[in-house]
Amino acid sequence: MIDTEKTYLHVLFRRAEETPDKMWMQDVCGDELTFAQSRELALKWANALQQSGVGEGDMVATMMENCLDSQHVWLGAALIQGIEVPLSPLLRGESLVHALNDSRSRVIVVADQFHRYIEDVADRLEHLERIVILQSSEKSPESAFGLVTRRQLIGQADVISSFHLPQPKDIACVLYTSGTTGPSKGVLITWGQLNSIAASIDVSPFDDSDAYYYTGASNHIPGRSQPLWMASLGGRFVMRPSFRTQDFWADIDQYACTLTLLIGAMAHFLMSEPVRPDDRSHSLNYVLMAPVLPNVEQFNQRFGVVTSTGYNMTETSNPIMALDWKIVSPESCGRLREGWPYYEARLVDENDEDVPVGKAGELLLRTKAPHTMNAGYLNRPDATEEAWRGGWFHTGDVLQLDANGNYYFIDRRKDAIRKSGENVSSFEVEMQIAAHAHVAECAAIAVPADNIEDEIKVFLVPAEGCDIDPEDVVKFAAEMMPRYMVPRYIEIISELPKTHTMRVQKAKLRDLPRTNEWDRVAAGIDIKRRADA
């Protein structure tokens, strides 16, 4: 289904020739494009960006939520051999300064609601010269830079007459990673990597009548790989600026969407809604979910869907996937992909020595097909060399492999917890406790206690309209977990600190004063006696 020698732009242009009037891309705000109109908008953005001084190899930053322009500025830049740097709309202050200075972007295309955050740090930006603002009002705001509105720029631009269709080896975009332990790094994403991600999905159930509903962040890799998947099918790509529980099923119905991606707490939010008699009365058939809910079968039964999952990170291309839209167990992220791009994987210890089956180790990856994983980190040769040492990409993630070839995500290497002589996965603790009906999100860390080893502490965000009783959560955990995994400390907070890529910043949680935590031991909760009862 995916032509490994062609890129998304080749596919889009072919669709524009073969089915020019077929509906292709829709924004739930009301905007929509056929394949021919999508090609035309990409060519107009190419001309507009060229007129703004963007040339071969130049970085074009963008800062917007999902919309038609969030897709077509990217494509327009590629047509003139520029490279898009999509930034999270959540960036502020130092994080925004770092991304713009590190990428050396001279032009940024920004939605008007985020424009002021750029002006707030204008005196610290070393390379930015021009702002293109997606403006909803008639009056242009004041700016420390050369500012032009989308209406002025696109209104004056014709389609570009001479353009470049990228090859798989070319850089498609630069995506900034989380930076949980240091400044974010810009990952060099190739068009071949996007091909590989799109090729990882089993497309046998789908055809050109299907529609994909995307609510993930505009600066995440699915927002760059999934449009290729749907364009290759000839289906539709439907976007909402961001996920909203209250709008999810209405959007599915209005746009007849048949598949979607649910990440983080999205599936939990849907399951937390009151059960309705029409929970299965919709067009949605297939759900990609990561991580998988512990009660995924209940989710499937309630909503009448089929679910699949996998393991990926910004630097890779879905190396591990559940096969044939079947999840072996909620704990497994699947098996190593077969076929193109011919992934190879190892699990290793701290010395990069292979560990035996059944033992946890850091995941190392490579492919036999060129240009199907990241091309390194922007302006960071040392970080690139460190990540790719020995010819293998070091993910920093700890996984475990069973005798049947199933992989299990254990933790980020730096987040593992040692308790009662056992290595505890903070990820597993979080997944188990997040299954509690009153818990929307959970983050687990190790904290010093009154003995030689650390204790486990969890930070809990209440589900909407719910209160959390720490004793109830601990008893809930004790029914599902080994005793050594049951947290001792609980702190309830309104939200978890996160990076712009929505990873929890556990370093900030570790730095918080321990003045508002509930202590299971001090409360006299004896989980050993309870477990043996």
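Refer to the structure presented above.
Residues numbered from 1 in each chain as written. Predicted model: local features only at pLDDT ≥ 70, side-chain atom pairs only at ≥ 80, totals over all residues. Heavy atoms only, no water.

The final tally for this structure, using the stated rule, is 20 aromatic pairs. Where F206 meets W229, the ring centres are 5.8 Å apart and the plane angle is 85 degrees; that geometry is what we call edge-to-face. One end of the pair, F206, is in the loop between α7 (191-199) and β10 (211-214); the other, W229, is in helix α8 (residues 222-233), with 23 residues separating them in the sequence. Per residue, the accessibility class of F206 equals that of W229, and both read buried. Ring centres of F248 and W249 lie 4.8 Å apart, and the angle between their planes is 90 degrees; on these two criteria the pair is classed as edge-to-face. Note on F248: relative accessible area 1%, which makes it buried. What makes W249 partly exposed here is its relative accessible area of 21%. Through pairs of rings, three or more aromatic residues link up here, namely W24, F35, F206, Y212, Y214, W229, F237, Y286 and W325. (Phe/Tyr/Trp six-rings, centres within 6.5 Å; stacked < 30°, edge-to-face > 60°. Helix = DSSP H or I, 4+ residues; strand = E, 2+ residues; numbered from the N terminus. Buried < 20%, exposed > 50% of the residue type's maximum accessible area, 1.4 Å probe, protein only.)

Next up on the list: α7. Where burial is concerned, most of α7 is hidden: eight out of the nine residues are buried. Of all the residues in α7, the buried ones are W191, G192, Q193, L194, N195, S196, I197 and A198. Against α1 (8-18), α3 (68-79), β8 (171-176), β9 (186-190) and α8 lie the buried residues of α7. (Contact = heavy atoms within 4.5 Å.)

With mixed pairing, seven strands are arranged side by side in an open sheet as β2-β1-β11-β10-β12-β13-β14. Sheet topology places β2 (32-34) and β14 (306-308) at the edges, where each strand pairs with a single neighbour. Within this sheet the neighbouring strands show an average axis-to-axis angle of 20 degrees, counted without direction. Summarising the sheet, strand β12 (residues 259-263) and strand β13 (residues 286-290) pair through five bridges and their orientation is parallel. Each residue of the ladder has a partner; that of L261, found in β13, is L288. Against the sheet, helix α9 (residues 245-254) engages β10 and β12, with an angle of about 160 degrees to β10. (Pairing = 2+ DSSP bridges. Axes fitted to C-alpha atoms, helices over the stretch in contact; angles between N-to-C directions.)

Taken N-terminus to C-terminus, the directions of α1 and α8 make an angle of 35 degrees; their axes are 9 Å apart at the nearest point. The interaxial crossing formed by α1 with α8 has left-handed handedness. On α8, the residues touching Y8, V11 and R15 of α1 are P227, L228, A231, S232 and L233. Considering only residue class, the contact of α1 with α8 consists of six nonpolar, one polar and one charged. (Left-handed = near helix turned anticlockwise from the far one by under 90°. Nonpolar A, V, L, I, M, F, W, Y, C, P; charged D, E, K, R; others polar.)

In this section: the pairing of strand β3 (residues 59-63). The buried fraction of β3 amounts to five of the five residues, a majority that puts the element mostly inside the structure. Residues M59, A61 and M63 line one face of β3 and the alternating positions V60 and T62 line the opposite face, and both faces are buried. Judged from the five bridges that link them, β3 and strand β4 (residues 83-87) form a sheet pairing that is parallel. For A61, the partnering residue across the bridge sits in β4 and is V85. In terms of handedness, the path from β3 via α3 over to β4 forms a crossover that is right-handed. Where β3 lies against strand β5 (residues 107-111), four bridges are found, and the strand directions are parallel. Bridge pairing links V60 to V107 in β5. (Right-handed = clockwise from strand over helix to strand, strands pointing away.)

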